[in-house]
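# Inside the fold
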Amino acid sequence: MHTPEALLFVGPQYTDSRRKSANILRRHFLAALDPLGIAIVSAYLRKTGVETRLITMEDQSKADYASQIEKADAVFVSARQFDRDLAQEVLQTADRLKKISIAGGYGPSFDPEGFSTATARVLGEAEPVLPQLNEDWLSGRSLSPTYDATTLPPFDLDQYVWPDRTIFPRSANPFKQNTQEWQRGCKNRCIFCSPSRMQGGIRFRPPADILAELDNLHLKRGDYVFSVDLNSMVIPKEQLREIFLGLSERGLRWSTEGTVAPLIKDFEINGEKGLLGLMSGVDPKRGGCYSFHYGADDLSSPKVCGSYDKNLNDLEKAVGLFRQFTIPLNLSVIVGLDNHTYPESFFEIAGALTELAPGYTFLHIATPLKGTPWGDRLDRDRKIIDRTSTHYNHRQAVHEPKQMTSKQLQQGYYWLLRTIYSPPMIARSFQRNFSAELFIKNPFLALMVTGIPWQTEAWTSVTELTARGYLDRKVQKEMDAEYQRWKGERANSGNRN
Ligand code: SF4
């Protein structure tokens, strides 16, 4: 009997072709994250006897997709907006070879037209519609052009099917992060965010199921888990405690992304006995949080537009508290939003980050993604200047910002990277965050708290971008000089920077 085979295509994790050295560092040492969405699709397919194989679509790849697609029965593509152009190639090849193709993920959900070559497109979460789609395919019925989960109630995470991790290639990376989902949805509605729109209602998995899945992975003490992600932390405190304690007892090092306001509030009520105390991983025999990523996003505004709990005022408190509990706090900051001006916003961000000295800050260029209020408005207002999907990597300016040119945005972004990750600034940040006492107890955590691995990656990136001629030397020099003047004026007016 013929066993049907499906090829599962996903986009690359490393999306910046301008920063090759940084991508190598990330791939081998810093972040190795397996894509969970396509692994869930694989789990559903395998339940019905389909064999699956994962293929990562790489930008400028010379891989011969045709010979692989020819031997398969169907092609499933999980695509973000970034992956659209890569996915087109796969879908067109499948079409030419008369193979069934199904596209899902953020890309098709928000831009169905961009994936019109697919036999069928899945809109929204896959789980509510996968059983029907699978049945249609395997019984030989024609597929519907669209399987729309956005009109159905959000998928109940009590029914969560564990991802099929057998599709992931074996990894020799000692820092490999075992990705795991804890919740979906977010209370915030940041105007540029697509996950909160795609995921719909707020839900979370039962702690017992999360811990059982971890046990099933047979991880060793000291292994890494990355929870994607906590967003606005809707899991009730008692259940979070159960998860954090479970991770600790298993000696797992974990990281996540989330907002800091609920943790600050919890500390104000429960002090050291609260969640931050449970997250702290000073004792290397027990697990703990080795990276908490907070999307502070807009440092030029008192509150992130569309959010309810991302306040600029909380940042200083958060950095202090995370330092107190030796939990590495990494920030994400965006440039190029409507309220940002040139060069003042870049100087404000550089000044704020110098003052706060968090472990590490991921700097991003605001990217107008389809399906978000901000991205859709820019599209309507004809402010999008570049539609090459592989440029939507948060590191290239693809829109004309409201109060600067796209070139100013790009060069301002490079200037920020250069300024924050210059060797003297890295040394300064190290001094602020390094603790000899912690280093004696837990050397790895002590290094993570300083952010030095990521800072080295950022410095390598800047060096490569400079060598490859992406930085406009004249503009960079002018910004350097103006920043010195700006700092002088601030110091004279009583604001220390
Ligand atoms: S907090 Fe994060 S996940 Fe939630 S809406 Fe804002 S950017 Fe999106």
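Residues numbered from 1 in each chain as written. Predicted model: local features only at pLDDT ≥ 70, side-chain atom pairs only at ≥ 80, totals over all residues. Heavy atoms only, no water.

### Observations regarding the packing of aromatic side chains
- Throughout the structure, instances matching the rule amount to 24 aromatic pairs.
- Residues Trp182 and Trp254 carry aromatic rings whose centres are separated by 5.8 Å and whose planes lie at 50° to one another, so their mutual orientation is tilted. In this pair, Trp182 sits in the loop between strand 7 (177–180) and strand 8 (183–184) while Trp254 sits in strand 11 (residues 253–258), placing the two residues 72 residues apart along the sequence.
- Classification of Trp182 as buried rests on a relative accessible area of 0%.
- Residue class for Trp254 comes out buried when judged on its relative accessible area of 2%.
- Grouping aromatic residues by their ring pairs yields a cluster made of Phe175, Tyr224, Tyr290 and Phe444. (Phe/Tyr/Trp six-rings, centres within 6.5 Å; stacked < 30°, edge-to-face > 60°. Helix = DSSP H or I, 4+ residues; strand = E, 2+ residues; numbered from the N terminus. Buried < 20%, exposed > 50% of the residue type's maximum accessible area, 1.4 Å probe, protein only.)

### What about the domain arrangement of the protein chain?
- Taken as a whole, the protein chain is organised into domain 1 (5–151) and domain 2 (166–492).
- Its C-alpha centre places domain 1 at a distance of 27 Å from the equivalent point of domain 2.
- With 43 residues of domain 1 at the contact, the number on the domain 2 side is 47 residues.
- Counting each side, the surface lost to burial between domain 1 and domain 2 is near 4000 Å², with a carbon and sulfur contribution of 54%.
- The interface formed by domain 1 and domain 2 contains 4 salt bridges.
- A salt bridge links Glu125 to Arg184, with the shortest nitrogen-to-oxygen separation between them at 2.7 Å.
- Linking domain 1 to domain 2 there are 10 residue pairs in polar contact (both at pLDDT 80 or more). (Domains from an automatic or database assignment. Contact = heavy atoms within 4.5 Å. Buried area = accessible area lost by both parts, 1.4 Å probe. Salt bridge = Lys/Arg side-chain N within 4 Å of Asp/Glu carboxyl O. Polar contact = N/O pair within 3.5 Å; in protein donor to acceptor, adjacent residues only side chain to side chain.)

### Notes on the sheet that holds strand 12 (residues 288–297)
- The strand order across the open sheet formed by 6 strands is 7-10-11-12-13-14, and the pairing between neighbours is parallel. A strand with exactly one partner marks an edge of an open sheet, and here the two such strands are strand 7 and strand 14 (360–365). Averaged over all neighbouring strand pairs, the angle between strand axes comes to 20°, with direction disregarded.
- Inspection of the sheet shows strand 12 paired to strand 13 (residues 329–335) by 4 bridges, in the parallel sense. The residue bridging Tyr294 from the neighbouring strand is Leu331, located in strand 13. (Pairing = 2+ DSSP bridges. Axes fitted to C-alpha atoms, helices over the stretch in contact; angles between N-to-C directions.)

### Focus on the side chain of Arg205
- Looking at the secondary structure, you find Arg205 in the loop between strand 9 (203–204) and helix 8 (207–216).
- Polar side-chain contacts of Arg205 include one of 2.9 Å to the side chain of Glu213.
- Contacts of Arg205, omitting those with residues within four sequence positions, involve Leu157, Tyr160, Trp162, Gln180, Glu181, Trp182, Ile210 and Glu213.

### Re the nonpolar core
- The biggest cluster of nonpolar side chains holds 67 residues, and the ones touching the most others in it are Trp182, Met279, Phe292, Leu329 and Leu416.
- The dominant element in this core, judged by the number of residues it contributes, is helix 15 (residues 406–420), at 7 residues.
- Discounting chain neighbours no more than four positions away, the residues touching Leu416 are Val335, Phe346, Ile349, Ala350, Leu363 and Tyr421.
- Within the second largest apolar cluster, 30 residues are counted, among which are Leu8, Val41, Leu45 and Leu143. (Core = buried A, V, L, I, M, F, W, Y, C linked by side-chain atoms within 4.5 Å.)

### Examining the side chain of Asp297
- Within the fold, Asp297 resides in strand 12.
- Only 2.7 Å separates the side chain of Asp297 from the side chain of Lys310, close enough to count as a polar contact.
- If we skip the residues at most four places from it in the chain, Asp297 touches Phe192, Val304, Lys310, Ser332, Val333 and Ile334.

### Quick notes on unusual backbone geometry
- Residues Tyr342 and Pro343 are joined by a peptide bond in cis, for which omega reads 0°.
- Turning to its location among the elements, Pro343 is positioned in the loop between strand 13 and helix 13 (344–356).
- Within the chain, Lys98 stands out as a residue other than glycine whose phi angle is a positive 60°.
- For Lys98, the position within the fold is in the loop between helix 4 (84–96) and strand 4 (100–104).
- Phi is positive for His394, which is not a glycine, with a value near 70°.
- Topologically, His394 is positioned in the loop between helix 14 (373–380) and helix 15.

### So, the packing of helix 13 against helix 16 (residues 423–433)
- With their axes 9 Å apart at the nearest point, helix 13 and helix 16 run at an angle of 35° to one another. Between helix 13 and helix 16, the contacting residues are Thr354, Glu355 and Leu356 on the first element and Met425, Arg428 and Arg432 on the second.
- The residue inventory of the contact of helix 13 with helix 16, partitioned by class, reads 2 nonpolar, 1 polar and 3 charged. (Nonpolar A, V, L, I, M, F, W, Y, C, P; charged D, E, K, R; others polar.)

### Describing helix 6 (residues 130–138)
- All of the buried residues along helix 6 are Leu130, Leu133, Asn134, Asp136 and Trp137. Angular distribution of buried residues about the axis of helix 6 spans 160°; they occupy a single face of the element.
- Where helix 6 is buried, its residues meet strand 1 (5–10), helix 2 (36–47), strand 3 (74–78), strand 4, strand 5 (120–123) and strand 6 (146–148).
- Backbone geometry just after helix 6 places Gly140 at a positive phi near 85°. (Arc of directions from axis to C-beta.)

### Things to note about the pattern of salt bridges
- The final tally for this structure, using the stated rule, is 26 salt bridges.
- Glu135 is the salt-bridge partner of Arg141, the closest N and O atoms lying 3.2 Å from each other.
- The class of Arg141 is partly exposed, set by a relative accessible area of 41%.
- Relative accessible area serves as the criterion here: at 44%, Glu135 is assigned to the partly exposed category.
- Here Glu268 makes a salt bridge to Lys317, at a shortest N to O gap of 4.0 Å. Of this pair, Glu268 sits in helix 10 (residues 261–270) while Lys317 sits in helix 12 (residues 314–324); the two residues are 49 residues apart in sequence, bridging distant segments of the chain.
- Each of Glu125, Glu127, Glu181, Arg184 and Arg203 takes part in a single network of salt bridges with overlapping partners.

### So, the sheet that holds strand 2 (residues 51–56)
- Taken in spatial order, the 6 strands make up an open sheet running 2-1-3-4-5-6, and their pairing is parallel. One side of each edge strand has no neighbouring strand; the edge strands of this open sheet are strand 2 and strand 6. The mean angle between the axes of side-by-side strands here comes to 20°, regardless of whether they run parallel or antiparallel.
- Strand direction decides the pairing type here: strand 1 and strand 2, joined by 6 bridges, are parallel. The residue of strand 2 that forms the bridge with Glu5 is Glu51.

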